[in-house]
Amino acid sequence: MRATRLLIHLDRLRRNIGAIRNRIGSVPEICLPVKADAYGHGAPRIAQAALEAGVSRLAVAAVSEGAELRREGIEAPILLLSLPAPEELGEAVELGLIPLVNDREFAGQIARAARQAGKRLPVHLKIDTGMGRLGCRPNEAVELAAFIAAQDSLEYAGTATHLAVSDDPAEASRRYTGDQLTRFRESLEAIRGAGLDPGVVHAANSGAILLHPGAWFNMVRPGLLIYGYSPIPPEAPIPKEAPIPVEPVMELRTRVACVKRFYRGESVSYGRTWIAPEDTFIAVLPVGYGDGLPRSLSGNFSVLIRDAFYPLAGRICMDQCMVNLGPEPAVTRWDEVTVFGGAAPGADAPASILNTIPYEITCNMNKRLPRVYPLHT
Ligand SMILES: *Cc1c(COP(=O)(O)O)cnc(C)c1O
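1. A closer look at the site of the ligand
Part 1 of the reasoning: Looking at the ligand, there are 13 residues lining it, with K35, Y39, S206, L224 and Y359 nearest.
Part 2 of the reasoning: L224 is positioned with one of its backbone polar atoms (N or O) 2.8 Å from an oxygen atom of the ligand.
Part 3 of the reasoning: Summarising the interface, the protein chains cover 90% of the accessible area of the ligand, which totals 390 Å² for the free molecule.
Part 4 of the reasoning: For the shell around the ligand, the class distribution of residues is 6 nonpolar, 4 polar and 3 charged.

Next up, the structure:
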C-alpha cells in the first residue's frame, strides 16, 4: 500500500455517536449525512459503522451517492438533501431515496416518477425558515403538504428545515435561530391544523445539537460532530453550554521517503521560497496538494514524526512536501508521519490556519488516498 493513507477510526465514530446520543436523550432518531463521500471519510464504511452504532438513517446530496450506498447493500432509509436533475428522478425512485420536496413542480414530477415505477415513495417537506437555500416559504407549507398528501404515489412522511447560524453562540445568531424555529413550529401547527400529520420532524445540524435543544424535534441530522469536530468557530464567544466530547475520525498519515543533508543557503522546492538558514536535514514526504493537502499550508504547518513536530519547508508540491528536521535529526527513512488527526491536532488545525472550516479539509482528501479502517485503534 502507498505510504500515504487516511486512517479512519471507526471506534472514534462510534464513541462520537454515543456522546451525541447521551446529549439528545430521548430524541428517537439520528440521521447521518454521508454526502461528499461522508465528508471525505468513505461513505459505505462510515454508513455501515454508524448504522451499527445507533444511527437510523443516512442522508446524501447526490443520487449517485445514494446509488453507491445501495450497491454496497445498505438498506437503511436515505434522505436526498439536494434536488436531483429531472433525468435522475427515475433512479432516485428506484433506489427508494427520500427526497426533500421544496415546491409543487418538483412534487408533481416526483409523484409522476413514483407512479410510473408503481411505487408509493415517502417524501419530506422542506421549509425555508431562513437558511435561504432550498425549501418552500413558511406561508406555502400547508398548501404544499396538502398537495403531497393528496398524491397516491407519495407518502407525506416528514417535515424539515435547515438552520443558518445554529453554530454561533453570539446573541444575535441565537435570536435568528430562535426566529427560524418559531417559523418552523408555526408551519407545523398550521399543517396539523389542516388535519395533516407532518411525520418525522427534523431541523438540527451539529450546531443545533450543541446550542439549540429546541431544534431537536424527533430526529437530528448532525454531520460534523459525528466526524469529530465542533462546528462552533474557534473565534466565536465561548458558549455557556457544555461541549460534547468528540474525537476526529480521520487521520492523514504518511511516511518519510527520504532524509537528506542540506547546507546553509541551499533552497527547497519550487520558487525557492525556503533557504536553509543553517546546515540541516530535510525529510521528503510523499504527500502533496494532489492528495488534498492544501498548497497554501506551505511554510505554515508542522507535522508529527515520532514525538516531535517539524515545520514544512518550502512549497507543497502535487505529490510531495518537505519538512525541516534540524541539524541533528532523530528521524529516519520510513518513519511514520501524522499530518493531522490521530496523535496530532485534527483537521481543524489546518482549517483555522487557512481561515476555512474542517469540513473543507476532510472533503478535499483525494480519491487516490487509500482509506484504511484500523480494527483496534
Ligand atoms: C450537511 C447537512 C447537515 C449536517 O450539517 P453539519 O453542520 O455537518 O452537522 C444537516 N442538514 C442538511 C440539510 C445538510 O445539508
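2. Remarks on helix 8 (residues 171-193)
Part 1 of the reasoning: The terminal C-alpha atoms of helix 8, which comprises 23 residues, lie 32 Å apart, in line with the 33 Å expected from a rise of 1.5 Å per residue.
Part 2 of the reasoning: Within helix 8, burial applies to S173, R174, T177, Q180, L181, F184, S187, L188 and I191.
Part 3 of the reasoning: Contacts made by the buried residues of helix 8 are with strand 6 (121-126), helix 7 (141-150), strand 7 (154-160), strand 8 (200-204) and helix 9 (206-211).
Part 4 of the reasoning: Phi turns positive, to about 85°, at G195, one or two residues after helix 8.

3. Focus: the side chain of R57
Part 1 of the reasoning: Mapping R57 onto the fold places it in strand 3 (residues 57-60).
Part 2 of the reasoning: One polar contact links R57 to E29, side chain to side chain, over a distance of 2.8 Å.
Part 3 of the reasoning: If near-sequence neighbours (up to four positions away) are discounted, R57 is found in contact with E29, I30, C31, L32, L51, P77, L79, I98, H124, V200 and M219.

4. A closer look at the packing of aromatic side chains
Part 1 of the reasoning: By the definition in use, this model includes 3 aromatic pairs.
Part 2 of the reasoning: A ring pair is formed by F184 and F217, whose centres lie 5.2 Å apart and whose planes are at 90°; its orientation type is edge-to-face. Residue F184 is located in helix 8, and its partner F217 is located in the loop between helix 9 and strand 9 (219-220); the two are separated by 33 residues in the primary sequence.
Part 3 of the reasoning: Under the relative-accessibility criterion, F217 is labelled partly exposed at 25%.
Part 4 of the reasoning: Every member of this aromatic cluster is reached through a ring pair, and the members are Y39, Y227 and Y359.

5. So, the pattern of salt bridges
Part 1 of the reasoning: One pass over the full model with this rule turns up 16 salt bridges.
Part 2 of the reasoning: In this structure, R253 engages E336 in a salt bridge whose closest nitrogen and oxygen atoms are separated by 3.0 Å. A residue pair is termed long-range when its members are at least 10 positions apart, and R253 in strand 10 (residues 250-255) and E336 in strand 18 (residues 336-340) qualify at 83 residues.
Part 3 of the reasoning: D319 serves as the salt-bridge partner of R368, at 2.8 Å between the closest nitrogen and oxygen. With a gap of 49 residues between them, R368 in the loop between helix 12 (358-363) and strand 19 (371-372) and D319 in the loop between strand 16 (308-311) and strand 17 (321-326) connect regions that are remote in the sequence.
Part 4 of the reasoning: Given a relative accessible area of 35%, R368 falls into the partly exposed group.
Part 5 of the reasoning: Since its relative accessible area comes to 33%, D319 is described here as partly exposed.
Part 6 of the reasoning: When salt bridges that share partners are traced, they join R5, E251, R253, R255 and E336 into one network.

6. Observations regarding helix 6 (residues 104-116)
Because each turn of an α-helix spans 3.6 residues, side chains separated by three or four positions in sequence point in the same direction.
Part 1 of the reasoning: With 13 residues, helix 6 extends 18 Å between its outermost C-alpha atoms, agreeing within 8% with the 18 Å of an ideal straight helix rising 1.5 Å per residue.
Part 2 of the reasoning: Looking only at helix 6, the buried set comprises F106, A107, G108, I110, A111, A113 and A114.
Part 3 of the reasoning: In this fold, the buried residues of helix 6 make contact with helix 5 (89-95), strand 5 (98-101), strand 6, helix 7 and strand 7.
Part 4 of the reasoning: By the N-cap criterion, in which a side-chain oxygen at the helix start approaches the backbone nitrogen of a residue two or three places on, helix 6 is capped by D103, the distance to E105 being 3.4 Å.
Part 5 of the reasoning: Once helix 6 ends, the next one or two residues include G118, with phi positive near 65°.

7. Looking at the sheet that holds strand 7
Part 1 of the reasoning: Pairing is parallel around the closed barrel formed by 8 strands, whose spatial order is 2-3-4-5-6-7-8-9.
Part 2 of the reasoning: Note: strand 5 against strand 6, 2 bridges, orientation parallel. Following the sheet pairing, V101 is matched in strand 6 by L125.
Part 3 of the reasoning: Against the sheet, helix 1 (residues 10-24) contacts strand 2 (29-33) and strand 9, and its axis sits at roughly 140° relative to strand 2.
Part 4 of the reasoning: Its contacts with the sheet put helix 7 on strand 5, strand 6 and strand 7, and the angle it makes with strand 6 is roughly 175°.

8. Concerning the pairing of strand 15 (residues 302-305)
Part 1 of the reasoning: Of the pairings in the sheet, the one linking strand 15 to strand 16 comprises 4 bridges and is antiparallel in character. Each residue of the ladder has a partner; that of I305, found in strand 16, is A308.

9. Considering unusual backbone geometry
Part 1 of the reasoning: Here R272, not a glycine, exhibits a phi torsion of approximately 50°, which is positive.
Part 2 of the reasoning: Checked against the element boundaries, R272 lands in the loop between strand 12 (267-268) and strand 13 (274-275).
Part 3 of the reasoning: Positive phi, close to 50°, is recorded for R306, a residue that is not glycine.
Part 4 of the reasoning: Mapped onto the secondary structure, R306 falls in the loop between strand 15 and strand 16.
Part 5 of the reasoning: Residue classification places R306 among the partly exposed positions, given a relative accessible area of 49%.

10. As for the domain arrangement of the protein
Part 1 of the reasoning: The domain architecture assigned to the protein consists of domain 1 (10-220) and domain 2 (250-372).
Part 2 of the reasoning: For domain 1 and domain 2, the distance between their C-alpha centres works out to 39 Å.
Part 3 of the reasoning: Between domain 1 and domain 2, the residue contacts involve 7 residues of the former and 7 residues of the latter.
Part 4 of the reasoning: Buried surface at the junction of domain 1 and domain 2, both sides included, amounts to about 620 Å², of which 53% is carbon and sulfur.
Part 5 of the reasoning: The largest contributions to the domain 1 side of the interface with domain 2 come from Y39, G40 and H41, which together make up 65% of the buried area.
Part 6 of the reasoning: On inspection of domain 1 and its partner domain 2, the count reaches 1 salt bridge.
Part 7 of the reasoning: In this structure, D37 engages K367 in a salt bridge whose closest nitrogen and oxygen atoms are separated by 3.3 Å.

Reading guide: rules and limits
Residues numbered from 1 in each chain as written. Predicted model: local features only at pLDDT ≥ 70, side-chain atom pairs only at ≥ 80, totals over all residues. Heavy atoms only, no water. Near = heavy atom within 4 Å. Polar contact = N/O pair within 3.5 Å; in protein donor to acceptor, adjacent residues only side chain to side chain. Areas by Shrake-Rupley, 256 points an atom, 1.4 Å probe, with all protein chains shown as cover. Nonpolar A, V, L, I, M, F, W, Y, C, P; charged D, E, K, R; others polar. Helix = DSSP H or I, 4+ residues; strand = E, 2+ residues; numbered from the N terminus. Expected span 1.5 Å × (residues − 1). Buried < 20%, exposed > 50% of the residue type's maximum accessible area, 1.4 Å probe, protein only. Contact = heavy atoms within 4.5 Å. Phe/Tyr/Trp six-rings, centres within 6.5 Å; stacked < 30°, edge-to-face > 60°. Salt bridge = Lys/Arg side-chain N within 4 Å of Asp/Glu carboxyl O. Pairing = 2+ DSSP bridges. Axes fitted to C-alpha atoms, helices over the stretch in contact; angles between N-to-C directions. Domains from an automatic or database assignment. Buried area = accessible area lost by both parts, 1.4 Å probe.

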